[in-house]
Amino acid sequence: MKKYIYFVTNQNHWFNVAKKLHKMGIAEPVLWLGDDVHYDRAKAIFGDNVVLDLIHRHRNYELVDIEYNGEYEEFFFSENYLRAKDRCIKMMDRLDLYGTFGRLDREITFHNLVIWNLKKIYISPPDALIATEAPHDYAKYLIYEICLFLDIPCYKFVNWIQVPLLFLQNMKSDKILEKKEKIKNDFDSKMIDSLELLIESITNKDTNYELPYMKSQRKKARTYFRLLKFFKHGIVEILKDIKHNFGMYIISKYNPINPFRLNIISRLLIQRKRHKNLLKASKESEEKITDYNQYVYFPLHYEPERTTNPDGGIFHDQFLTIVSLRKMIPDYIDIIIKEHPSQFFHRDKGARGRSPLIYKLLKNVRGIKIAQTSHSSQELIKNSIFTATIAGMAAFEAAINGKKALIYGSSWFNGCPNTFSWHEELSYKEIMEAKLNSKTEILNFLINHKEKYSVPGFINGSQRKNAKKDYRNDKFEELQTNSIYELLKQFFKEELN
């Protein structure tokens, strides 16, 4: 039986697939990490290999008696360690609720988890790492870097945006596993219809296309929805926060997230001030774009999401990407940047993920212009020479609209006609001289990708929530469980041998 590290989201089918793989004697997890919704039932099957995410990620200072004895100590002197330390300490911004989670505590948190993971992997060596989505919290990213260092194959599931499809991809080489089993189902035609509708929506001149999740965020940013959310969830969260802080105070326990024992009022005031600082800095940096001179469009990704996601490879930081882009294109061509709307819709997390000083830094790069947040992204795409992004949907939208796009990282639509994947030899001239493809060719690319590599399934609850009702039923639940199981069965039996 194969052994694997398993990163899971909150969806039931990920538990069901693991249970079936174990029951059929194909594979079992030697380390299970993810949403604690699965914790009790997974622990009943896989025992101590199932770790409570609440402790492992949020309170790993409670991981004691590790008895580390130098297992894999050479990791500490590797490039993987340096990269992991830099990125993980940055990823901890997600946990910085009060703005007081400092470097000293972050470094200790990081090292405590390093030795715990090294010990665990040494005792229970895995054959592979399987992530149900790209690891984008520091605890999982650290394990990913350790696995790379130890030459343990690392794979992730990648989801399509508009339809519930996903595929299995090697995180180091970007190679996608070609499926051998295809389960007949009644959803194929609906998915192709959805893809055709997506293409038509993006190219429709009468509408300004907007991704469903962004449209939802924009609506929920209104005062009515914010009040509704507060009374529905906010009060409970505040009470939990008060209970936790009071409990830590009673037992006089040090909390690195809140070392100064600030209360919930202080926390909300700090979050509000951070949000206002970011919004003010953004508005001051914007300029109205009226003349469309030659430019490349670079829409910013939402933070803290992008710099906590390894899909960008060496371009995990957007600033590094912009520097690379500036070097590639001629001096006379501008770069127009537009802030991601979610940066302000997510009032709390967005302010954690972006410094108000970022816009001044960007303007120190030659030819940078920052468009108003209200400016139409579609208009900026259509009037650009090409669009550049780490892995954003803007590249796909550009391709559909008959424009070229440069992708610096790994995206679900890599290889799509009219897009270019960054590599060191790629030149501006090569991009400009390439022929453009029609949207029919793009649709054919998507259908071929679906047939060759992808299986029905949701990555996480957010994708399920934004999907059409057609896919939220027991019939689709059974289909995705069986389809993912067949893909992983093929992987463990053939890919690892």
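Not measured: the values here are computed from a predicted model. (Residues numbered from 1 in each chain as written. Predicted model: local features only at pLDDT ≥ 70, side-chain atom pairs only at ≥ 80, totals over all residues. Heavy atoms only, no water.)

1. A word on the pattern of salt bridges
Scanning the entire structure with this criterion turns up 33 salt bridges. R83 serves as the salt-bridge partner of E145, at 2.6 Å between the closest nitrogen and oxygen. Of the two residues, E145 is situated in helix α6 (residues 138–149) and R83 in helix α4 (residues 79–91); the sequence distance between them amounts to 62 residues. We note a salt bridge from E303 to R354, for which the minimum N-O separation is 4.0 Å. Remark: R354 occurs in the loop between α13 (347–353) and α14 (358–363) and E303 occurs in the loop between β6 (295–299) and α11 (318–328); sequence separation between them is 51 residues. The class of E303 is buried, set by a relative accessible area of 4%. Judged by its relative accessible area of 7%, R354 is buried. In the salt-bridge network here, residues are joined through shared partners; they are D53, R57, D137 and K140. (Salt bridge = Lys/Arg side-chain N within 4 Å of Asp/Glu carboxyl O. Helix = DSSP H or I, 4+ residues; strand = E, 2+ residues; numbered from the N terminus. Buried < 20%, exposed > 50% of the residue type's maximum accessible area, 1.4 Å probe, protein only.)

2. Some words on the sheet that holds strand β8 (residues 368–370)
One open sheet accounts for six strands, arranged β8-β7-β6-β9-β10-β11; its pairing is parallel. The open sheet terminates on both sides in strands that have one partner only, identified here as β8 and β11 (419–421). Mean inter-strand twist for the sheet, computed between neighbouring axes without regard to direction, equals 25°. (Pairing = 2+ DSSP bridges. Axes fitted to C-alpha atoms, helices over the stretch in contact; angles between N-to-C directions.)

3. Some remarks on helix α10 (residues 264–285)
Every α-helix winds through 3.6 residues per turn, so residues three or four apart in the chain are directed the same way. The end-to-end C-alpha distance of α10 is 32 Å, a good match for the 32 Å that 22 residues give at a rise of 1.5 Å each. If you check which residues of α10 are buried, you get I264, R267, Q271, H275, L278, A281, S282 and S285. End-on, the buried residues of α10 take up no more than an arc of 130°, which puts them together on one face. Set apart from the buried face of α10 by more than 90 degrees, the exposed residues are I265, L269, K273, K280 and E284. (Expected span 1.5 Å × (residues − 1). Arc of directions from axis to C-beta.)

4. Focus on the packing of helix α5 (residues 103–123) against α6
Running from N to C, α5 and α6 point in directions that differ by 50°, and their axes come no closer than 10 Å. When the axis of α5 is compared with that of α6, the two are oblique. Here the hand of the crossing between α5 and α6 comes out right-handed. In this structure, α5 uses T109, F110, L113, V114, N117, L118 and I121 to contact α6, whose residues at the interface are Y138, A139, L142, I143 and I146. Split into classes, the residues belonging to the contact of α5 with α6 amount to ten nonpolar, two polar and no charged. (Parallel < 35°, antiparallel > 145°, perpendicular 65-115°, else oblique. Left-handed = near helix turned anticlockwise from the far one by under 90°. Contact = heavy atoms within 4.5 Å. Nonpolar A, V, L, I, M, F, W, Y, C, P; charged D, E, K, R; others polar.)

5. Regarding the pairing of strand β4 (residues 154–159)
Within β4, five of the six residues are buried, which leaves the element mostly enclosed by the surrounding structure. Here strand β3 (residues 128–131) pairs with β4 via three bridges, running parallel. The residue bridging I130 from the neighbouring strand is Y155, located in β4. The handedness of the β3 to β4 crossover, carried by α6, is right-handed. Hairpin geometry of β4 and strand β5 (residues 165–170) is characterised by an intervening segment of five residues between the two adjacent antiparallel strands. (Right-handed = clockwise from strand over helix to strand, strands pointing away.)

6. Considerations on a nonpolar patch on the surface
Among the surface-exposed residues, F246, Y249, I250 and I251 lie close enough to one another that they form a single nonpolar patch of about 490 Å² accessible area. Mapped onto the elements, F246 comes out in helix α9 (residues 223–250). Classification of F246 by relative accessible area gives exposed; the value is 53%. (Patch = residues over 30% accessible without salt bridge, like charges linked within 9 Å, V, L, I, M, F, W, Y side chains within 5 Å. Areas by Shrake-Rupley, 256 points an atom, 1.4 Å probe, with all protein chains shown as cover.)

7. Examining the side chain of E477
Along the chain, E477 turns up in helix α20 (residues 474–495). A distance of 2.9 Å separates a polar atom in the side chain of E477 from a polar atom in the side chain of R464. (Polar contact = N/O pair within 3.5 Å; in protein donor to acceptor, adjacent residues only side chain to side chain.)

8. Comments concerning the pairing of strand β2 (residues 27–34)
Regular strands show a simple pattern: their side chains alternate between the two faces of the sheet. Counting buried positions along β2 gives eight out of eight residues, so the element sits mostly inside the fold. When strand β1 (residues 2–8) meets β2, the two strands line up parallel, connected through seven bridges. Counterpart to K2 in the pairing with β2 is A27.

9. Focus: unusual backbone geometry
Residues other than glycine predominantly adopt negative phi, and peptide bonds predominantly adopt the trans conformation. A cis geometry characterises the amide bond from E303 onward to P304, with omega recorded as 20°. Within the secondary structure layout, P304 lies in the loop between β6 and α11. The phi angle at Y72 is positive, at roughly 50°, despite the residue not being glycine. Its location among the elements puts Y72 in the loop between α3 (53–58) and α4.

10. Details of the environment of K179
Structurally, the position occupied by K179 is in the loop between β5 and α7 (188–203). Using a relative accessible area of 14% as the deciding quantity, one classes K179 as buried. For K179 and G353, which are 174 residues apart along the polypeptide, the C-alpha to C-alpha distance reads 37 Å. Excluding residues that lie within four positions of it along the chain, K179 makes contacts with K450, E451, K452, Y453, S454, V455, L487 and Q490. Polar side-chain contacts of K179 include one of 3.4 Å to the backbone oxygen of K450. A polar contact of 2.5 Å, which involves the side chain of K179, links it to the backbone oxygen of S454.

11. Topic: the sheet that holds β2
Strands sit in the order β2-β1-β3-β4-β5-β12 across an open sheet of six strands; the sheet is mixed. Since the sheet does not close on itself, it has two edges, and those belong to β2 and β12 (455–456), each with one partner.

12. Focus on the environment of N383
Along the chain, N383 turns up in the loop between α15 (377–382) and β9 (386–389). Spatially, the C-alpha atom of N383 lies 8.3 Å from that of Y295, the residues being 88 residues apart in sequence. If near-sequence neighbours (up to four positions away) are discounted, N383 is found in contact with Y292 and Y295. A polar contact of 2.8 Å, which involves the side chain of N383, links it to the backbone oxygen of E379.

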